[in-house]
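Okay, here's what each chain looks like letter by letter:
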Amino acid sequence: MSKVKYKKSPGERVSELIINILLVIIVFVMIYPFWHVLMYSLSDSRAAMSGGLFFYPRKFTLITYRMLIRTKQIFIAFKNSVLKTVLATFFSLIITALTAYPLSIPGLKGRRLVQVYIFFTMLFSGGIIPTYLLIKDLHMLDTFWVYLIPGMLSAHHMFILRNFFQAIPDSLEESAMLDGASHMDILLWIVLPLSKAAFATQTMFYGVSNWNEYMDGVLYVNDQRLQLLQVYLRQLIYTDGSKSVLSGADLAASAAVTEESMKMTVVAITVLPVIIVYSFLQKYYMKGIMIGSVKE
Amino acid sequence: MNTTERSKWKKQIGYFRRYWMLYAMLIPGIVYITVFKYVPMYGVSIAFKDYNGFGKIAEAEWVGLKNFRRLFETNAFRRAFYNNIIISLAKLVFGFPAPIILALMIDGIRTKWAKRIVQTSVILPDFVSWVVIYGLMYAIFSPNTGVIRQVASVIGYNGKLPNLLADKETFRAVIVGSHVWKGMGIGTVTYLAAITGIDQQLYDAATIDGAGRWQKTWHITLTGIRGVIITLLIIRIGHIMNAGFSQIFAISNSAVVSVADIIDTYVYRIGLTQGRFSLATAAGLFKSVIGLVLVLFTNWISKKVDPDSGIM
C-alpha cells in the first residue's frame, strides 16, 4: 500500500488479525457451497445421507453422472443452453458493435437523437405482459428464435462499447478514409482489432448472462425439446422429480441413488461450465466491470 | 437554385456519401429497439383497456383507470407492493454497505497472492444463476439432508431443524442474505478501482504525521471514494422498485408467497398464469412509472450534489 514504513501498534495488530480471520470466513462462505455440492454429487447416496460429508466425497462414485448421461432430457437441455449461449452471444456482439460504432463518430448528424432514443429504453419499459403479447404476435413463442432475438441488444453494453470505440484515436480512422477505406472496412480492420479487450469483456457479459438467464425459457417456451438447462434444473429441484429422470435407467442402480444426489449432480453440471470459463476469464471480467463503471 | 443553395445541397450529398454506411449500420439496432422496446411501450395501453388476450389491442374497449382502481382494491396487489418496498429497502440497507466494507478489507491485504485468492473467490457467485443458487441453498439449508443437519449431528443435536427456505419468518432474510452473498463480491470491483485512483502520497504523508490504519482508512480511503459511493447509492435508489424478479422467481415457493410476492411475480402470476392481461399490465405500468420518476428524481439530486455525476 505505502512505501513509508511505520510500526504497528498492538491494537492495530489485533484488528488486522480480526480482519484476516473475517476474510478467511468470507472466502469460505463464498466457495464452500459449490464445493459441497460437487462432493455430494460424487458421493455414494447412502453414505452421503448418513452424514459426515463436509470436505471430501464419502465412498466416491460417479453413478449419478452415469445415470444422468443416460437420460435424454439433460442432453437436450444442455444442447439448447450451449446453442443459445453461443448463437445469442454471437448475434449480440454483431448488433452491439454495429450500433456502437456509428455512435462513436463525433461528426455523425443525428447521433444524439439516436442515443436518446436508445437510452430512454434503459429508463422505462413496457413490462412483462406487453412484451409477452408482442412475442406472441410475432409467432416466436415456442421457437428457438425467442432465445436469440428479444434480448439481442443491451443498451447498457452498447454504451460501454461506444465509450471504448470513442477512445480510439480519430487520426487512425481518418488516414484509412484517405486511403479509400469505407466505414465498414474501418470497423472491421481497424476498430475491432484495437478493441480486443473490450470484446473479450462483452463476450463474457453476454455469454454469462445468456447461460444464466432463464426467464425467456420460463415465459415463452413450453416445448420440452426447447427447454434450457436452468429451467430443467429448476424443475428437478422443485418437483421432487429428480428420480423421474431415472426411468430409463435400471432399477438396481436407481434404488441406490436418492433424490438428493440427483439434484446435487444436476446443480454440479450446471455450474461446472461456468466455473471453468470463470477461471480463465475472471481477470477480464473484473476489467470489464471497471470499464463499465466509468461514466459516459 | 442560387449558388449558396447549390453548394449547400452539394455539401449534403458529400456528407451523405461519406457517412451513409454509418447510417446503414445503425438500422438493425434501431429496428430492434423500436420493435422490442417501443412497441411494448405502446402495449401498455391495455392497462387502460379491457383486453383478454384475444384479438387486436387497438380494438379493445377503453376503460380509463378502472384497472388501477381494481388493483388497489386487491389485497394481493397491496401485499406485493408492500413486499416490494420492504424487500428492496432491506436489500439496500444490507446490500449497499457490504461491498464497501469488503473492498476496504481487501484493499488492506498486503500479500499479493492472498489478495488475488480473496478477489477471485468473492466474485464467483456473480457467475451463477439464481436457480443454481437455490440449489446451493438447498444443499446447505435442507433440514433433512443439508449441511446444517450434518453440523447439528456433529454437535449432537438430532431434533427438528427449521426449514429456512419455506418458513415465512425467515424467508425475507434468505432473500436478502442470498442477495448480499451474490452481489457483495462483484460490488467491490468498482470501489477497488476507485481506491486505486487515490494518490499514494496522501497515505505516506498521513503516515509521517502519525496516522494509524483506521485514521487513514477513514480520512483518506473513504473520503477518496465518497463520490463513487454517492453516485452508486443514487443509482441504486433509482432502481428501488426492482426487488429482484429472477431471484424471487427462482427461490420462492407457495409456502412463503405472502412474504415474498413482489410486483413482478404478481404480474407474472395474474397475467401469464391467470390470463388477466389488463390488470397485470396496470400493475407493471404502476411499477415502471414509479421507477422512472425515482430515476429522474435521484439523477436530479445527484446533479445538485455534484454536477459531473448522474447518469444523464
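**Side note on the interface of chain B and chain A**
So, point 1. At the interface, 101 residues of chain B touch 98 residues of chain A.
So, point 2. Interface area, chain B with chain A, both sides summed: about 9100 Å², of which 76% is carbon and sulfur.
So, point 3. Counting across the interface, chain B meets chain A through 1 salt bridge.
So, point 4. Notably, a salt bridge pairs B:Arg213 with A:Glu16, separated by 3.0 Å at the nearest N-O pair.
So, point 5. Inspection of the region where chain B meets chain A yields 20 residue pairs in polar contact (both at pLDDT 80 or more).
So, point 6. Counting residues per element, the side of chain B that touches chain A draws most heavily on helix H1 (residues 3-43) of chain B, at 23 residues.
So, point 7. Residue composition of the side of chain B that touches chain A, grouped by class: 66 nonpolar, 25 polar and 10 charged.

**Quick word on the packing of helix H6 (residues 128-137) of chain A against H1(B)**
So, point 1. Between H6(A) and H1(B), the least distance of the axes is 8 Å, while the angle of their chain directions is 115°. Put simply, H6(A) runs roughly perpendicular to H1(B). The chirality of how H6(A) crosses H1(B) is right-handed. Along the contact surface, H6(A) presents A:Pro130, A:Thr131, A:Leu134 and A:Ile135, while H1(B) presents B:Val35, B:Phe36, B:Val39, B:Pro40 and B:Gly43.
So, point 2. Classifying every residue of the contact of H6(A) with H1(B) gives 7 nonpolar, 2 polar and no charged.

**As for helix H7 (residues 147-154) of chain B**
Each α-helix turn comprises 3.6 residues. Residues three or four places apart therefore point the same way.
So, point 1. Those residues of H7(B) lying buried are B:Val147, B:Arg149, B:Gln150 and B:Ala152.
So, point 2. Looking one or two places after H7(B), you find B:Gly156, whose phi comes out positive at around 90°.

**What about the domain arrangement of chain B?**
So, point 1. Domain annotation of chain B identifies domain 1 (3-42) and domain 2 (77-129 + 177-305).
So, point 2. With centres defined by C-alpha atoms, the gap from domain 1 of chain B to domain 2 of chain B works out at 38 Å.

**A look at unusual backbone geometry**
Apart from glycine, the bulk of residues carry a negative phi angle, and the bulk of peptide bonds sit in the trans form.
All names here are of chain A.
So, point 1. In this model, His 139 sits at a positive phi of 55°, which is unusual for a non-glycine residue.
So, point 2. Topologically, His 139 is positioned in the loop between H6 and helix H7 (145-148).
So, point 3. Judged by its relative accessible area of 67%, His 139 falls in the exposed class.
So, point 4. A positive phi is found at Asp 142, a non-glycine position, where the angle reads about 55°.
So, point 5. Of note, Asp 142 is situated in the loop between H6 and H7.

Calculation rules
Residues numbered from 1 in each chain as written. Chains lettered and ligands numbered in written order. Predicted model: local features only at pLDDT ≥ 70, side-chain atom pairs only at ≥ 80, totals over all residues. Heavy atoms only, no water. Contact = heavy atoms within 4.5 Å. Buried area = accessible area lost by both parts, 1.4 Å probe. Salt bridge = Lys/Arg side-chain N within 4 Å of Asp/Glu carboxyl O. Polar contact = N/O pair within 3.5 Å; in protein donor to acceptor, adjacent residues only side chain to side chain. Helix = DSSP H or I, 4+ residues; strand = E, 2+ residues; numbered from the N terminus. Nonpolar A, V, L, I, M, F, W, Y, C, P; charged D, E, K, R; others polar. Axes fitted to C-alpha atoms, helices over the stretch in contact; angles between N-to-C directions. Parallel < 35°, antiparallel > 145°, perpendicular 65-115°, else oblique. Left-handed = near helix turned anticlockwise from the far one by under 90°. Buried < 20%, exposed > 50% of the residue type's maximum accessible area, 1.4 Å probe, protein only. Domains from an automatic or database assignment.

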